[in-house]
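# A look at the structure
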2 protein chains.
Amino acid sequence: MVTIRDVAKHAGVSPATVSRVVNGLVGYSDETRERVETAVQSLSYETDYLARGLKTRQTSVIGLLAPMVSDALASQVMQGVEEEAQERGYAVMLGRTGAKSAYIAGYLRTLRTYRAAGVILISAVITPETRQLLGPNVPIISVAISDKSGSPSVAIDDEQAAYDATRHLLRLGHRRIGQLTGDPASIYVAQPRKRGYPRHDRSRLHPGDRHRQLLLRKRRRRRGRTAAAGARPHRDLRDERRDGRRRRQ
Amino acid sequence: MVTIRDVAKHAGVSPATVSRVVNGLVGYSDETRERVETAVQSLSYETDYLARGLKTRQTSVIGLLAPMVSDALASQVMQGVEEEAQERGYAVMLGRTGAKSAYIAGYLRTLRTYRAAGVILISAVITPETRQLLGPNVPIISVAISDKSGSPSVAIDDEQAAYDATRHLLRLGHRRIGQLTGDPASIYVAQPRKRGYPRHDRSRLHPGDRHRQLLLRKRRRRRGRTAAAGARPHRDLRDERRDGRRRRQ
DNA sequence: CTGAAAGCGCTTACAG
DNA sequence: CTGAAAGCGCTTACAG
């Protein structure tokens, strides 16, 4: 393996100077720089990240933890993270937060000992333990869950999203609307979603949709039997249903 | 950070001995082992992978290169690789072989300088350049493309698969069968797929399927106009079509 | 502008 | 069974 010493010898300078040039620091003449660069080229020298990381206490590794690697949302995020990381010279290390949260501790420990430059958490909550396992100096970013603990996060307003999605269906004239929030015990965003849904009331319906609603009502009557055979709506939807019925009377 | 020296001091032994115990080597008394383990526990010592890797010239990192992170097949493979890796104490480093093959060189270089223990290549061909960039000591495994260069690979027989898939359709009585192989210039498996398809001839049809074929033929006649309006079959399929027609005469 | 030196945290012959 | 020492390849005050 070609080391910084080899380059130094080849260029007739000290290893310290090679390091400075390679890292783009200050403190060398143009001529020196050129000699070093030539030597780097002809020996095809490559910095040893392990050695550098050991010395500087930091590598260009970033940790990327997802619930599942093959998760649909996570895949998309991972793809994006990977693209940007590679563009900026970072390497991405993969991990799963998975079902067993014991796993995540292991990954975090690994990332710390590889001196990761930062960690991106997809669909996972940053707990005090997370912080502690990673040490105080590793930045954490959470994606898809907005963090309350002070870390930056990239996420949507889940409550508002539930509200908007429901409104969309209401505008289309639908009245029997189910909501699948996920189990609040394990799906963190279930709560805000559950809050967003019932914020609706009749007065919020868009007035311009009257016509369309009439159409839909007719169509529904025609499909009467099919509709009646449908699944019973979720308990939380009772109010909306009653609301819809009253309008029809 | 807790180092091996701290543990050594705490346990009243030398760093060398701590290293031996931690790595499960031979050469220490039971009593020593216990003292070291206690010290490791109470200080919650964690091996520095960077330092170890620098010394041993090998880390527990394995590289995982896929065409796209969000690719459907790759996602599944990645998930599996990640599970097994984590079980065995390896960390997975991500990379994309992507459209630009120039990228892959960068990843391979990175993996070499992180002293990766091995590399898994999904849907990519192992070229001499691959080998060269990674150095002679890093094992490479290719997935989804069977390697001819001597590396182990996990893949299906694409030619046979194309043959089998075609046979399946033939058995169902279909005669107008298109094949989407992908562009042979960029999709490596297009060639074997293309070979597998036309290996069929009439005599290979499963005799037990006669009855079903008759049924299908009737049905097809009924839908005559629709069928006629369908897309023209691929040029490569002409023989199969003619074959099918003759049987009807 | 440049180099000698120390040290990051570990491992591993070597010697006892 | 155990320890002192050298060294992996780099960076960075320090001194000039």
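For the structure, check the block above.
Note that the structure is a prediction, hence the values are computed from the model and not measured. (Residues numbered from 1 in each chain as written. Chains lettered and ligands numbered in written order. Predicted model: local features only at pLDDT ≥ 70, side-chain atom pairs only at ≥ 80, totals over all residues. Heavy atoms only, no water.)

The next thing to look at is the overall build of chain A. Scanning chain A from terminus to terminus reveals 12 helices and 5 strands. Taking all 249 residues of chain A together, 37% fall into the buried category. Taking as baseline every contact in chain A between residues at least 6 positions apart, the subset at least 24 positions apart corresponds to 57%. Looking at chain A as shown, the accessible area adds up to about 14,800 Å², and 51% of this sits on carbon and sulfur atoms. (Helix = DSSP H or I, 4+ residues; strand = E, 2+ residues; numbered from the N terminus. Buried < 20%, exposed > 50% of the residue type's maximum accessible area, 1.4 Å probe, protein only. Contact = heavy atoms within 4.5 Å. Areas by Shrake-Rupley, 256 points an atom, 1.4 Å probe, with all protein chains shown as cover.)

The next subject is the interface of chain A and chain B. If you look at the interface, chain A gives 38 residues, while chain B gives 38 residues. Buried surface at the junction of chain A and chain B, both sides included, amounts to about 3,500 Å², of which 59% is carbon and sulfur. Taken as a group, A:Leu50, A:Thr113 and A:Tyr114 account for 19% of the area that chain A buries against chain B, more than any other trio of residues on that side. Put simply, chain A and chain B have 8 salt bridges between them. Residues A:Glu46 and B:Arg109 are paired through a salt bridge, measuring 4.0 Å at the closest nitrogen-oxygen approach. At the junction of chain A and chain B, the tally comes to 21 residue pairs in polar contact (both at pLDDT 80 or more). Mapped by element, the contributors of at least two residues to the side of chain A that touches chain B are α4 (49–56), α5 (72–87), β2 (91–96) and α6 (101–113) of chain A. Examining the composition of the side of chain A that touches chain B, we find that 8 residues originate from one element, α5(A), more than from any other. Residue composition of the side of chain A that touches chain B, by class: 16 nonpolar, 12 polar and 10 charged. Pairing geometry for β2(A) and strand β2 (residues 91–96) of chain B, over 3 bridges, is antiparallel. Among the inter-strand pairings, A:Met93 is bridged to a residue of β2(B), identified as B:Met93. (Buried area = accessible area lost by both parts, 1.4 Å probe. Salt bridge = Lys/Arg side-chain N within 4 Å of Asp/Glu carboxyl O. Polar contact = N/O pair within 3.5 Å; in protein donor to acceptor, adjacent residues only side chain to side chain. Nonpolar A, V, L, I, M, F, W, Y, C, P; charged D, E, K, R; others polar. Pairing = 2+ DSSP bridges.)

Glancing now at the protein's contact with DNA strand D. In the vicinity of DNA strand D lie 27 residues, with A:Ile4, A:Ser19, A:Tyr45, B:Arg20 and B:Thr32 positioned nearest. Taking all atoms of DNA strand D within 4 Å of the protein, the share assigned to sugar and phosphate is 68%. Contacts to DNA strand D include A:Ser19, whose side-chain N or O atom sits 2.6 Å from a phosphate oxygen. Here a phosphate oxygen of DNA strand D sits 2.8 Å away from a polar atom, N or O, in the side chain of B:Thr17. Elements supplying a minimum of two residues to the surface near DNA strand D: α2 (15–22) and α4 of chain A together with α2 (15–22) and α4 (49–56) of chain B. Considering every element that reaches the surface near DNA strand D, the biggest residue donor is α4(A), with 5 residues. (Near = heavy atom within 4 Å.)

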